[in-house]
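# Topology and contacts: notes
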Amino acid sequence: MDVNAAVAAAAAIAGVCTGVIAMLAFRWSEREQKRPTRTSLHTDPVLPPGVDTVLSVLRSSAVVLDEADSVVKASSAAYALGLVRGGKLAVEPMLQMARDTRRDGEIRQVELDLPRRGTGRGEALAVSARVAPLGSRLVLLLVEDLTEARRIEAVRRDFVANVSHELKTPTGALSLLSEAVMDASDDPEAVERFAGRMQVEATRLTNLVQELIDLSRVQNDDPLEDAEPVRVDELVAEAMDRCRHQAGTKQITMASGGTADLHVWGNRGQLAAALGNLVENAVNYSPARTRVGIAARRVAAPGGDLIELSVTDQGIGISDKDKERIFERFYRVDPARSRATGGTGLGLAIVKHVAASHGGEVTVWSSEGQGSTFTLRLPEAGSARVRSSHRPGLDNEDENGQPAETAISSPYEPLSAPEVLP
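Residues numbered from 1 in each chain as written. Predicted model: local features only at pLDDT ≥ 70, side-chain atom pairs only at ≥ 80, totals over all residues. Heavy atoms only, no water.

- By the naming in an unreviewed UniProt entry, the protein chain goes by Sensor-like histidine kinase SenX3 and is assigned to Streptomyces himalayensis subsp. himalayensis.
- In its Subcellular location (unreviewed entry) section, UniProt records this for the protein chain: "Cell membrane".
- Under Catalytic activity (unreviewed entry), UniProt gives the following word-for-word description of the protein chain: "ATP + protein L-histidine = ADP + protein N-phospho-L-histidine." (UniProt positions renumbered as here; feature names shortened; annotations may be inferred.)

## Some details on a negative patch on the surface
- A surface patch of negative charge is lined by Asp-186, Asp-187, Glu-189 and Glu-192.
- Relative to the helices and strands, Glu-189 is located in helix α7 (residues 188-220).
- Under the relative-accessibility criterion, Glu-189 is labelled exposed at 62%. (Patch = residues over 30% accessible without salt bridge, like charges linked within 9 Å, V, L, I, M, F, W, Y side chains within 5 Å. Areas by Shrake-Rupley, 256 points an atom, 1.4 Å probe, with all protein chains shown as cover. Salt bridge = Lys/Arg side-chain N within 4 Å of Asp/Glu carboxyl O. Lys, Arg positive; Asp, Glu negative; His and termini not counted. Charge placed at Lys NZ, Arg CZ, Asp CG, Glu CD. Helix = DSSP H or I, 4+ residues; strand = E, 2+ residues; numbered from the N terminus. Buried < 20%, exposed > 50% of the residue type's maximum accessible area, 1.4 Å probe, protein only.)

## Let's talk about the confidence of the model for the protein chain
- Averaged over all residues, the pLDDT of the protein chain equals 76, while 73% of them reach at least 70.
- Taken together, the stretch residues 36-45 has pLDDT below 50 and engages in 11 contacts with residues farther than four places along the chain or on a different chain.
- In this model residues 383-422 is a low-confidence stretch, pLDDT under 50, and it forms 62 contacts with partners more than four residues away in sequence or in other chains. (pLDDT = per-residue confidence, 0-100. Contact = heavy atoms within 4.5 Å.)

## A look at the sheet that holds strand β9 (residues 253-257)
- An order of β9-β11-β12-β14-β13 is seen for the 5 strands of this open sheet, with the pairing classed as mixed. Each edge of the open sheet is held by one strand with a lone partner, namely β9 and β13 (361-367). The average undirected angle you get between the axes of adjacent strands in this sheet is 15 degrees.
- Against the sheet, helix α8 (residues 232-249) engages β9, β11 (291-299) and β12 (306-312), with an angle of about 175 degrees to β9.
- Docked against the sheet, helix α9 (residues 268-284) engages β9, β11, β12 and β14 (371-379), running at close to 25 degrees with respect to β12. (Pairing = 2+ DSSP bridges. Axes fitted to C-alpha atoms, helices over the stretch in contact; angles between N-to-C directions.)

As structure tokens, then:
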């Protein structure tokens, strides 16, 4: 009996201990459930009502920080800019701003230059950061990317500076030459010489003003408002006629091929100006007794067929460093040659804007000493494409729908090294 009593007592004691442990575990579990965890600090209910919705539609990068400097909410743009990493704000100046604002409640704003994420090299990322208190515990950080705005502002400043310089050169020359004419009024030969120089400078000034007007027009006007199907062969003929005198003076042969039955869609005047600028550049930058070729062809593209217009010359060529800048306003590969030919440095900029506004593009292949090929790609006028699957009397056709035996071949291949013409 003593043994049974001892066993019963031990069992009772064990039961009491188990009950006590269970009760303590239950109380501890309740306490842990009520305690805010690291995860709960990052959930949306921490934000005041409606804030999450507002942040989701902002164009600025948005980050919400709690009192422990942990990220409660961050937009996808904030992650893309590299502002948030590992649940923390990764930009120390912004973090310090957030702490100061949390301490005194003052709204702060600053502009910063941040390194590009992952590279640490190249153009810095220009941002404007604004920090404001959000409720009693949170801080809101809004970051605006100013990189593109600064780039555009720099382009505008350069453009104004270049225009001022380019206008000042011929007007200053005209002023000096007019004084020279007055001083040499009793010397007919000197007057004639100075008058000739005045005519050259006046022509250069007129061309510059006209190209500034053309550039402004292609930037501001919508070419598709007056769009129409334009025959490629007519554009090519007009561009060649525009440069025929200069080409004849330098004994440069101009040839075209593959332009029959091709049409592009757009503003005729702008397209003619763009192609004319390419041909004029090819003639001006080619040595005497060489050849300039204009070739056209239809190429397939995912969004619809394109028409490629390639202008090839045997001129001085363009270096690799210059290729990146030749479509900038007023940029010249050879300033001395440009002054001799009256170039303004706006021709290729106009071509680029015309191509872009028509839904196309312009590219260049060039090698120093071997010449250049500028390729203008434009959408084909779909309504002008009428190609039958069979023509009576013809056994086959080429890729342009022309009879194989009469198709015009062209040695000019865009985006590849042009064949050196004899």
